[in-house]
Amino acid sequence: MQPISRCFGQIVTVTVLALAGMAAAQALELRSADIHPKDYPTVKAVEYMGDVLKKKSDGRITVKVFSGSALGSEDDSIEQVKLGALAMARVSSAAMHNICETTRVPSLPFLFRSVEHQHKVLDSDIGKQILKSCEDAGFVGLAWYDSGARSMYTKNKPVKSVADVKGMKIRVQQSDLSVAMVEAIGANATPMPMGEVYTALKTGLVDAAENNFPSYDSGHHFEVAKYFSLTEHTMTPEILVFSKRQWDKLPEADQKLIREAAQESVPYMRKLWAERELKSRAVVEKGGAQVIEPDKASFQAVMKPVYDRFVTTPEMKDLVARIQAVK
Ligand code: GTR
């Protein structure tokens, strides 16, 4: 028989170990992927969300962002999120187009009249409905982030109207809608991940690409395609998605904290975004890019086939009508 004192010591040790084990089990590190570099507004916004979450959970829940494509392309990280191997991914909502179809709506060409219009829509029930629509596909939509407007940039000649892009090979995001937009303007679409665009432009695999000023800058695309034509043909927002597989294992209280923290990062992101757009425009112009004011109406005039092809279900039609009605 063990002396009583030794027995007691063992009980204390076991209890301490058990408590430590419980604390460790509750500590939660959420891993998130982003293709953009560390200083990009999307990366900073998710890190900010992590700071908020850490505070709200007394240090228990943290976020680690893997930036700069450390976990692969956007399609790779979406796959990981779906499988539950990764908690979150910040991607362009275009990367979700073929996964949950209502995410196509905010990308429809010339749908938003302004940034204010877009913010109003995404902050409303419409934005929430679209975020929610990805759950059946395995993704909890947490937040919309800004991405400004996307414009065409070309290597060999400036684009002043839609006639100038006829027959051009244009890189697009890997989405049917992005392909359709380029077909509508009479050009040939080449879908590929963002990480391949610089080389594709440089080697002449494509004649053009389209994006916002910050990506045109951070991807160094301005060095190989210097004519930036302000077509502003789509305002595809960024989206932050959470793995439904991981989500369903979390206590409701934690789900609530995560949602709140994601929402709190939105105004912060918008501020960073507005600053970054101006900064990137200055950087690319200094680096030799020529910014052109094209005939935007000529692009808008040919987009009807895109609406006809993608706005087909009653839900899609209703969403578009409600967005257009937002003042
Ligand atoms: C950027 C967006 C990225 C990525 C990229 C692209 O504006 O932030 O998530 O989708 O465009 O064109 O692939």
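S.K.: Please provide a residue-by-residue account of the site of the ligand, values included.
M.R.: Every one of the 14 residues lining the ligand counts as a neighbour, but His36, Glu74, Arg171, Asn211 and Glu238 are closest to it. Within the side chain of arginine 90, an N or O atom sits 2.8 Å from an oxygen atom of the ligand. Contacts to the ligand include serine 215, whose side-chain N or O atom sits 3.3 Å from an oxygen atom. Contact with the protein chains hides 98% of the accessible area of the ligand, taken as 320 Å² for the molecule alone. Here the residues of the shell around the ligand are counted per class, giving two nonpolar, seven polar and five charged. If you count residues domain by domain, the shell around the ligand takes at least three from each of domain 1 (4-146 + 237-279) and domain 2 (150-235 + 281-325).

S.K.: Talk me through the nonpolar core; I want residue IDs and the actual numbers.
M.R.: Met96, Val105, Leu108, Ile170 and Ile185 are the most contacted members of the largest nonpolar core, which totals 53 residues. With five residues, helix α6 (residues 176-184) is the single largest residue contributor to this core. Residue-level mapping places this core at the junction of two domains, with at least three residues from each of domain 1 (4-146 + 237-279) and domain 2 (150-235 + 281-325). For leucine 108, the contacting residues outside a window of four places in its chain are Leu177, Val306, Tyr307, Val311 and Val320. Tyr40, Ala261, Val266 and Trp273 belong to the second-largest nonpolar core, a separate cluster that totals 28 residues.

S.K.: Outline the sheet that holds strand β4 (residues 139-145), listing residues and values.
M.R.: Overall, mixed pairing links the five strands, which are arranged β2-β1-β3-β10-β4 in an open sheet. The outermost strands of the open sheet, each flanked by one partner alone, are β2 (61-66) and β4. On average, adjacent strands in this sheet sit at an angle of 25° to one another, irrespective of strand direction. Sitting on the sheet, helix α3 (residues 74-83) is in contact with β1 (28-33), β3 (88-92), β4 and β10 (238-243), with an inclination near 145° to β3.

Cut-off values and rules
Sequence order sets the numbering: in each chain, residues are counted from 1 along the sequence as written. Restriction of local features to residues with pLDDT of at least 70 applies here, the model being predicted, together with a cutoff of 80 or more for giving and counting side-chain atom pairs; totals for whole chains, interfaces and linings are based on all residues. Calculated side-chain values reflect all of the structure's heavy atoms, with hydrogen atoms and water omitted. Proximity is defined per residue: if any heavy atom of the residue lies within 4 Å of a molecule or strand, that residue is considered near it. Residues adjacent in sequence count toward polar contacts only when both atoms are side-chain atoms; beyond that, a polar contact is any pair of N or O atoms within 3.5 Å, and within protein one must be able to donate a hydrogen and the other to accept it. Here the Shrake-Rupley method, with its probe set to 1.4 Å, supplies the accessible areas, and only the displayed protein chains count as covering residues. For this classification, Asp, Glu, Lys and Arg are treated as charged, while Ala, Val, Leu, Ile, Met, Phe, Trp, Tyr, Cys and Pro are nonpolar and the rest, including Gly, are polar. Just so you know, the domain bounds were taken from an automatic or database domain assignment. Here, the term nonpolar core denotes a set of buried Ala, Val, Leu, Ile, Met, Phe, Trp, Tyr and Cys residues that are joined through side-chain atoms within 4.5 Å. Relative accessibility under 20% of the residue-type maximum defines a buried residue, over 50% an exposed one, and the middle range a partly exposed one, all with a 1.4 Å probe and only protein chains included. Put simply, DSSP marks the helices as runs of H or I at least four residues long and the strands as runs of E at least two long, and each gets a number from the N terminus on. Two residues qualify as a contact provided that any one of their heavy atoms is within 4.5 Å of a heavy atom in the partner residue. The pairing criterion for strands is at least two bridges between them, as found by DSSP. For helices, the axis comes from a line fit to the C-alpha atoms of the stretch in contact; other axes are also lines fit to C-alpha atoms, and the angle between any two N-to-C directions lies between 0 and 180 degrees.

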